Amino acid sequence: MIIETEGLTKRYGRRRGIDDVTLGIDQGEIFGFLGPNGAGKTTTIRTLLGHLRPTAGRARIFGHDVTANPVAIHRRLGYLPGEFGLYDRLTGAQTADYFAHLYGGVDRGYRNRLMERLGVDPGRRFRELSKGNKQKVGLVVAFQHRPDLLILDEPTSGLDPLVQQEFHALVREARDEGRTVFLSSHVLSEVEAVCDRVALIRDGRIVRTGSVESLRDLAHHQVLLRFAGDVPVAAFENLPGVSDVQVTGRTLRLRVGGPMTPVVRAAAAYDLLDFESREPGLEETFLRAYQAAS
Ligand SMILES: Nc1ncnc2c1ncn2[C@@H]1O[C@H](COP(=O)(O)OP(=O)(O)OP(=O)(O)O)[C@@H](O)[C@H]1O
């Protein structure tokens with residue numbers, strides 16, 4: 001196992017950080033760590049990296065205890081923090097060079113390809129970069145020495161959709177080379193798109209671990225349909241995956257789990273003026289799924 005934690009707990013004084021986190025991540029997995037803001041993702045990651053000392057429990061990476069042997073771990077690790085930065089005056093290329101030296105040099109061809117694929121402008125000073133562009137330099141730094149394990153804290157926040165796709169491709173390539181990826185996210189659809197397995201964290205505790213397919217019951221969309229004329233609610237209420245149908249005048253709001261086809265087919269039978277579909281935030285999704293448990 002590449003990452004192994006047992007009852008990992010971190011309290012900030014009397015405040016909760018994480019509580020009893022037990023995880024096992026195998027070589028060659030893309031593992032998603034999914035939770036709303038404040039759930040404990042960063043705390044878990046920083047404890048794994050040895051930046052924070054656990055209050056209780058233990059964690060091992062590559063078989064080494066994270067508190068006892070951080071150097072042996074860090075040589076083989078690529079890490080993207082939530083807010084990546086070094087010195088404001090350095091350019092993207094200089095920043096990547098700085099970290100490359102720490103690892104005793106990197107394959108420059110690979111480094112340059114990473115920069116190209118992610119669209120990093122190597123000559124720009126760090127202070128002139130937007131959050132997304134800083135994030136891209138951070139990704140180059142995490143990947144450039146081809147580490148055995150990548151730990152990425154909310155890697156796609158601030159990236160535009162095309163760069164996100166390129167990032168997903170890089171992650172899959174790393175996995176196909178037998179490397180391991182642990183990434184945190186607060187977006188369900190992103191974890192669904194790229195991860196093999198996932199753990200859900202809420203209020204500092206793991207509420208579920210499983211294959212990405214096992215998230216199906218959580219994934220849903222809020223759909224709004226606006227029609228030119230009156231529409232019988234019954235035409236939608238009993239469709240597969242549909243629940244919580246609400247009607248305001250000629251507007252229907254409904255919750256759809258699973259494929260959208262039945263709703264689109266039913267809507268097409270009427271004069272449809274507008275169709276909106278959005279993925280609700282994870283807070284809303286978790287609240288719904290875990291209300292009974294809390
Ligand atoms: N240095 C600290 N001192 C006190 N409490 C902290 C500290 N860092 C984090 N916390 C608390 O620990 C809990 C978990 O925070 P953490 O940053 O790990 O969550 P997260 O899932 O990474 O959220 P986000 O996506 O917002 O970064 C929160 O309740 C937070 O307020």
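Scroll up to find the structure.
This section reports on the structure supplied with the text. Note that the structure is a prediction, hence the values are computed from the model and not measured.

### With respect to the overall build of the protein chain
Check the secondary structure of the protein chain and you find ten helices and 14 strands. Counting the 294 residues in the protein chain, one finds 45% classified as buried. Looking at the protein chain as shown, the accessible area adds up to about 14300 Å², and 47% of this sits on carbon and sulfur atoms. Distance between charge centres in the protein chain, computed from 39 positive and 37 negative side chains, equals 5 Å.

### Focus: the site of the ligand
Near the ligand lie 13 residues; those nearest to it are G38, G40, K41, T42 and T43. Contact between the ligand and G38: an oxygen atom at 2.7 Å from a main-chain N or O atom of the residue. Note that an oxygen atom of the ligand is positioned 3.1 Å from one of the backbone N or O atoms of A39. Of all the secondary structure elements, the ones that give two or more residues to the shell around the ligand are β2 (15–25) and α1 (41–48). Across the shell around the ligand, the residue classes break down as three nonpolar, six polar and four charged.

### Examining the sheet that holds strand β4 (residues 56–61)
Taken in spatial order, the four strands line up as β2-β1-β4-β5 in an open sheet, and their pairing is antiparallel. Each edge of the open sheet is held by one strand with a lone partner, namely β2 and β5 (64–65). Here strand β1 (residues 3–12) pairs with β4 via five bridges, running antiparallel. Residue pairing in the sheet places T5 in a bridge with A59 of β4.

### Quick look at the pairing of strand β11 (residues 220–227)
Sheet topology places β11 next to strand β13 (residues 251–257); seven bridges connect them, and they run antiparallel. Paired with V223 across the bridge in β13 is L254. With six bridges connecting them, β11 and strand β14 (residues 272–278) associate as antiparallel partners. Opposite V223, over in β14, you have S277 as the bridge partner.

### With respect to helix α4 (residues 108–118)
Every buried residue of α4 is listed here: Y110, R111, L114, M115 and L118. Down the axis of α4, the buried side of the element spans an arc of 140 degrees, and every buried residue falls inside it. If you follow the buried residues of α4, they end up packed against α3 (92–102), α5 (131–143) and α6 (161–176). Two or three places before G109, at the start of α4, stands the capping residue D107, its side-chain oxygen 3.0 Å from that residue's backbone nitrogen. Positive backbone phi, at 75 degrees, marks G119, one or two positions downstream of α4.

Cut-offs used in this document
Residues numbered from 1 in each chain as written. Predicted model: local features only at pLDDT ≥ 70, side-chain atom pairs only at ≥ 80, totals over all residues. Heavy atoms only, no water. Helix = DSSP H or I, 4+ residues; strand = E, 2+ residues; numbered from the N terminus. Buried < 20%, exposed > 50% of the residue type's maximum accessible area, 1.4 Å probe, protein only. Areas by Shrake-Rupley, 256 points an atom, 1.4 Å probe, with all protein chains shown as cover. Lys, Arg positive; Asp, Glu negative; His and termini not counted. Charge placed at Lys NZ, Arg CZ, Asp CG, Glu CD. Near = heavy atom within 4 Å. Polar contact = N/O pair within 3.5 Å; in protein donor to acceptor, adjacent residues only side chain to side chain. Nonpolar A, V, L, I, M, F, W, Y, C, P; charged D, E, K, R; others polar. Pairing = 2+ DSSP bridges. Arc of directions from axis to C-beta. Contact = heavy atoms within 4.5 Å.

Remember, this is a structural readout, not a statement about activity or role.
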